[in-house]
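Take a look at the letters that make up each chain.
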Number of protein chains: 2
Amino acid sequence: MRSEGEHHKNLDATLKGVIALLERQALVHQLVARTDTRKHALVQSLVERQHAVELEKKLNGLHPADAAFVLESVRQEQRIAAWLLIRRERRGAVLLELAAPIRTSLVALLEEPELVAIGQQMEAEDFADLVQDLPQERVDAVLAQLSTHERAEVQSVLSFPEGSVGAIMQLEVVTVRTDVTLEEALASLRRRGSLPAQLTSLTVVDRDNVLQGMLPLDRLLVGDVNLHVNEVMDAAPTYFLTNDTDDDAAEMFERYDLISAPVVNLHNQVVGMLTVDAVLDHVKQDSFKQALSQVGLSEDEDLFAPILQSGRKRLAWLGVNLLTAFIASRVVARFEGSIAQLTALAALMPIVASIGGNTGNQTVALVIRGIALSQLNTSNMLFLLRKELAIGIINGALWGVACATVLLYHSVGLAAVMASAMVLNMLVASVVGVACPLLLKRVGRDPVMGSSILLTAITDSMGFLIFLALASALLL
Amino acid sequence: MRSEGEHHKNLDATLKGVIALLERQALVHQLVARTDTRKHALVQSLVERQHAVELEKKLNGLHPADAAFVLESVRQEQRIAAWLLIRRERRGAVLLELAAPIRTSLVALLEEPELVAIGQQMEAEDFADLVQDLPQERVDAVLAQLSTHERAEVQSVLSFPEGSVGAIMQLEVVTVRTDVTLEEALASLRRRGSLPAQLTSLTVVDRDNVLQGMLPLDRLLVGDVNLHVNEVMDAAPTYFLTNDTDDDAAEMFERYDLISAPVVNLHNQVVGMLTVDAVLDHVKQDSFKQALSQVGLSEDEDLFAPILQSGRKRLAWLGVNLLTAFIASRVVARFEGSIAQLTALAALMPIVASIGGNTGNQTVALVIRGIALSQLNTSNMLFLLRKELAIGIINGALWGVACATVLLYHSVGLAAVMASAMVLNMLVASVVGVACPLLLKRVGRDPVMGSSILLTAITDSMGFLIFLALASALLL
């Protein structure tokens, strides 16, 4: 038995060992590439073969989730090398544990017969997960080689759109009828011999498979065996429709501390189960989404993807950023005359822009969380706006005055312009910080995506404009 | 029975109704405050009493988690009004569902006798959660009125530091001995009569309460009743020590799809259970942490806190921001002579700064996720740095050239300076973006806290410095 604490430390050491081996192999690669070409092949094959044996042993001794972690932690060439060392019969299990973009790249490497073999062993919903990103003709070719029943199951899962409960539910459901006694229910479970992992409740249905309730295993265990299922069951369980969203489901699981819940079709017939482990995976994946999408990246971004692939994805957002920076630049250019007369303006204008961007980004982060937790609605939006405006005025005035004091020796007028511009730009930042995510949501867009870039663009341009316009009007 | 889909919609409507009622009450408040003072008291009490009855009925009809959601979605004065309408016997349950900062503010409102009453009904670990933020003398006064056993349990939970498994585990464990048969185990469960909600496994111990294994309920259900527990149990379960961190535990739950796991002390004796609902709450709370702390806010930030309270928290980070903006401003001031000669420099310098800040923030977001998922370590850090540098050079060169082309009509020299400065500042951004969170972590600080503010400070100053220095050296 292993304590989680020491297990974690041992695991850490093991994983680091495997990763270091993979790194060393890459290093040997580089070294031999530099040596005399005649010795090249010999040295390389010797060293690599030795490492490969050690690596293969270690990799295949890991829990599939840990092997997946190793694959996620190394760069692409080593990842493929490591992947090929994993034994065929373990590959399906490892794939299931991988983050989506990495899984997609490795599934694409599998030959058709291997995919078919994996499809025959694996649960339909898991297999559907694996093949969903493959080109349609490859999916069809693989599915054609599965049994009619397996094919139908995989196709049914594939038919649910991404983000729906149907796409993440499991298909295996252990059902029991309302009118049997607990004794009969227990006997039928014993006849089954084994139960799905993590089963905590039986799903109670009528003869048409229509959901009637849920029977938690502990009630079955301690209940009077002569009672009927419908006398003991929870007759009003929380359940989901296949087209409910996974976000809503996650919220319900968290709010009502659910472990599993039945999923029904439009006729209330039970078609699957949603379990907490699928929900936890979903929430965990989501947890880095906001921080990444605020700067224009997706949560699928792979830290160790090749340079060109990563660079291409970021190029577009940098283009947007450059365009907005150009607009800010044009604003400044309009006041070049004023700057020529008083060059201190050029030195001071970034302060106004920067403090606005900072305030606005704080507001954006709060509003996005409020939207995600459904705490923000039309009735309290105005309150929030007023509150953020008030904070903007107070903090703007405080820091504006502090800033102005520093400038006083220079010029009283400049100090006054500086303080006023800071307050005004913080007001702009508050309004845009509240409005920008809410408007994006209203027009049906993701409120997070690039909101930080958009906000900074506006606070920069407005900061320059307010400060330079005030200075031109009042000082020159 | 309710479908989650329709339930969700109905719930949404109900919650909106309650929130609207609370808003209306606040409005009435404002209106009467403006009317003739003689009528004031009468009108107010009439209208408020009517609303209060309706509100009280609705609030007390909600699931505690939903009532908590309503309290989280309204501003502080309405929150307290609503809180006082919740029936005393339900208050404990509602408190448990509230976000930490709001819970703390409402617990502080409870009188001592009410706290004692709640402490007598509630599980010790839940009660410890409620009182942990109260002043020590209030906690002592309340605990003194509990039974010795209850007091000892609460104190033991309070003794575990925040962020440890001990602080979020539940104390009730259903144990079974290794040497009994499944039939005897089943019989003893029946004698208990009821089992804790969400129990999925019995904890197997020896006579000294030392952990021996876990017996999943489904194995108990379908196993041969004449077998002994130690023949059927999982003899190598994942378990935790009380001082393991909740982050590590969450990672293990997610990685190995756990539903519950035993928690042991240093003598391997079972002292509690960690369940997936506690882990899910933890992960969910954490999920907005990165986005908020990057801009200097904590996840405890309450969207509807009073203005002064919210303003004070943000003032400090704005001060840091202002200080860094001043440094950038001093950099620009050193080149005022150059700007006076060529005012176009003032208009162009924000572009260089902005593109650096944007690139760097993308890198920071990726590195922070890598740290959180433990995918980043010393062996692959250099690879990542090289990769980010390469992306910086490529994207910097592409956009630099694009930018330079626009400027060509103006001056070939300026175009060249612009492109070089952009490439150089993007290199700075890449290095700082990788190094900043990793260094913060190395010195034992939270890698996320304010990293975005720090990075932007450096890319701004360096952007101005590189661009203006290059321009001064080459063009003037």
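Before reading on, note that the structure itself is shown above.
First, a word on scope: everything that follows refers to the structure included in this document. (Residues numbered from 1 in each chain as written. Chains lettered and ligands numbered in written order. Predicted model: local features only at pLDDT ≥ 70, side-chain atom pairs only at ≥ 80, totals over all residues. Heavy atoms only, no water.)

1. Describing the relation of the copies chain B and chain A
Mapping chain B onto chain A leaves a residual RMSD of 0.1 Å; the transformation is a rotation of 180° accompanied by 0.0 Å of translation along its axis. Seen this way, the second copy is the image of the first under a two-fold rotation axis. By residue overlap, the copies meet face to face through one surface: 100% of the interface positions of chain B are interface positions in chain A. (Least-squares fit on C-alpha atoms with pLDDT ≥ 70 in both. Contact = heavy atoms within 4.5 Å.)

2. Comments concerning the pairing of strand E6 (residues 260-264) of chain B
All names here are of chain B. With five of its five residues buried, E6 lies for the most part within the structure. Of the two faces of E6, the one carrying Ser260, Pro262 and Val264 and the one carrying Ala261 and Val263 are both buried. Where strand E5 (residues 238-241) lies against E6, two bridges are found, and the strand directions are parallel. Counterpart to Leu241 in the pairing with E6 is Val264. Pairing geometry for E6 and strand E7 (residues 270-275), over five bridges, is antiparallel. Pairing of Val264 across the sheet is with Val270, part of E7. Counting the residues between successive antiparallel strands, the hairpin from E6 to E7 contains five residues, one of them, Asn268, with a positive phi of roughly 65°. (Buried < 20%, exposed > 50% of the residue type's maximum accessible area, 1.4 Å probe, protein only. Helix = DSSP H or I, 4+ residues; strand = E, 2+ residues; numbered from the N terminus. Pairing = 2+ DSSP bridges.)

3. Details of the environment of B:Leu384
Along the chain, B:Leu384 falls in helix H21 (residues 378-407). Judged by relative accessible area, which is 0%, B:Leu384 ranks as buried. Note: C-alpha distance between B:Leu384 and B:Val367 (17 residues apart in sequence) is 8.9 Å. Excluding residues within four positions of it along the chain, B:Leu384 makes contact with A:Leu303, B:Val367, B:Leu376 and B:Val434.

4. Focus on the packing of helix H20 (residues 344-372) of chain A against helix H23 (residues 451-475) of chain A
All names here are of chain A. The N-to-C vectors of H20 and H23 enclose an angle of 145°; their axes lie 8 Å apart at closest approach. Taken as a pair, H20 and H23 cross one another with a handedness that is right-handed. Residues Leu345, Leu348, Met349, Pro350, Val352, Ala353, Gly356, Gly357, Gly360, Asn361, Val364 and Ile368 of H20 touch H23, and the partners they reach there are Ser451, Ser452, Leu455, Thr456, Thr459, Asp460, Gly463, Phe464, Phe467, Leu468 and Ala471. Classifying every residue of the contact of H20 with H23 gives 13 nonpolar, nine polar and one charged. (Axes fitted to C-alpha atoms, helices over the stretch in contact; angles between N-to-C directions. Left-handed = near helix turned anticlockwise from the far one by under 90°. Nonpolar A, V, L, I, M, F, W, Y, C, P; charged D, E, K, R; others polar.)

5. Topic: unusual backbone geometry
Trans peptide bonds make up most of the peptide bonds, and negative phi angles are found at most residues other than glycine. You will see that A:Asn209, though not glycine, has its phi angle at about 65°, which is positive. Relative to the helices and strands, A:Asn209 is located in the loop between strand E3 (201-205) and strand E4 (211-216). Although it is not a glycine, B:Asn268 sits at a positive phi angle of roughly 65°. Summarising the element assignment, B:Asn268 is placed in the loop between E6 and E7.

6. Examining the sheet that holds E3(A)
Residues and elements named next belong to chain A. Reading across from one edge, E2-E3-E4 is the order of the three strands in this open sheet, with mixed pairing throughout. Both outer strands of the open sheet, strand E2 (175-177) and E4, are each paired with one neighbouring strand and no more. Averaged over neighbouring strand pairs, the angle between their axes works out to 35° when direction is ignored. The pairing of E3 with E4 spans five bridges and is classified as antiparallel. Its bridge partner lying in E4, Ser201 is registered against Pro216.

7. Focus on the interface of chain B and chain A
Contacts between chain B and chain A engage 137 residues on the former and 137 residues on the latter. Here chain B meets chain A over a buried area of about 13000 Å², counting both sides, of which 65% is carbon and sulfur. Here chain B and chain A share three salt bridges between them. Two residues, A:Asp66 and B:Arg255, come together in a salt bridge whose shortest N-O distance is 2.6 Å. At the junction of chain B with chain A, the criterion picks out 15 residue pairs in polar contact (both at pLDDT 80 or more). (Buried area = accessible area lost by both parts, 1.4 Å probe. Salt bridge = Lys/Arg side-chain N within 4 Å of Asp/Glu carboxyl O. Polar contact = N/O pair within 3.5 Å; in protein donor to acceptor, adjacent residues only side chain to side chain.)

8. Quick word on the sheet that holds strand E4 (residues 211-216) of chain B
Residue and element names in this part refer to chain B. One open sheet holds the three strands; their spatial order is E2-E3-E4, and the pairing between them is mixed. The strands lining the two open edges of the sheet, one partner per strand, are strand E2 (175-177) and E4. Each strand axis lies, on average, 35° off the axis of its neighbour in the sheet, ignoring direction.

9. Re the nonpolar core
Among the nonpolar cores identified, the biggest contains 121 residues, and A:Phe127, A:Phe240, A:Phe253, B:Phe127, B:Phe240 and B:Phe253 are the most heavily contacted of them. Ignoring any residue separated from it by four or fewer positions in sequence, one finds A:Phe253 in contact with A:Phe240, A:Leu258, A:Ile259, A:Ser260, A:Ala261, A:Leu274, A:Thr275, A:Val276, A:Val279 and B:Leu280. In this structure, A:Ala344, A:Cys436, B:Ala325 and B:Ala404 belong to the second largest nonpolar core, which totals 86 residues. (Core = buried A, V, L, I, M, F, W, Y, C linked by side-chain atoms within 4.5 Å.)

10. Re the side chain of A:Glu125
Residue and element names in this part refer to chain A. Structurally, Glu125 is set in helix H8 (residues 124-131). Buried within the structure, Glu125 lacks any salt-bridge partner; its nearest side chain of opposite charge belongs to Arg192, at an N-O separation of 12 Å. In this structure the side chain of Glu125 is engaged in a polar contact, spanning 3.5 Å, whose partner is the backbone nitrogen of Leu171. With residues up to four places along the chain from it excluded, the contact list for Glu125 reads Val157, Met169, Gln170 and Leu171. (Lys, Arg positive; Asp, Glu negative; His and termini not counted.)

11. Thoughts on the environment of B:Glu153
Residue and element names in this part refer to chain B. Among the secondary structure elements, Glu153 is positioned in helix H10 (residues 148-158). Once the C-alpha coordinates of Glu153 and Gly450 are considered, the two residues, 297 residues apart in sequence, prove to be 38 Å apart. If sequence neighbours within four positions are ignored, Glu153 has contacts with Ala124 and Leu171.

12. Quick look at a nonpolar patch on the surface
Together, A:Ile307, A:Leu308, B:Ile393, B:Ile394 and B:Leu398 give the surface a local cluster of nonpolar side chains, amounting to about 430 Å² of exposed area. Counting only elements with at least two residues in the nonpolar patch, the list comes to helix H18 (307-334) of chain A together with H21 of chain B. Looking at which element gives the most residues to the nonpolar patch, the answer is H21(B), with three residues. Checked against the element boundaries, A:Leu308 lands in helix H18. (Patch = residues over 30% accessible without salt bridge, like charges linked within 9 Å, V, L, I, M, F, W, Y side chains within 5 Å. Areas by Shrake-Rupley, 256 points an atom, 1.4 Å probe, with all protein chains shown as cover.)

13. Things to note about the environment of B:Val174
On the secondary structure map, B:Val174 appears in the loop between helix H11 (165-168) and E2. Counting along the chain gives 98 residues from B:Val174 to B:Gly272, while the straight-line C-alpha distance between them is 9.6 Å.

14. Brief notes about the packing of aromatic side chains
One pair of aromatic rings is described through two measures. These are the centre distance and the angle between the planes. Residues and elements named next belong to chain B. Within this structure, the stated rule accounts for two aromatic pairs over all chains. Between Phe240 and Phe253 the ring centres are 6.0 Å apart and the planes differ by 15°, which places this aromatic pair in the stacked class. Of this pair, Phe240 sits in strand E5 while Phe253 sits in helix H15 (residues 246-256), and the two are 13 residues apart along the sequence. Comparing Phe240 with Phe253, the two get one shared label, buried. In this arrangement the basic side chain of Arg91 is found over the ring face of Trp83, its NZ or CZ atom lying 5.4 Å from the centre. (Phe/Tyr/Trp six-rings, centres within 6.5 Å; stacked < 30°, edge-to-face > 60°. Lys NZ or Arg CZ within 6 Å of the ring centre and 35° of its normal.)

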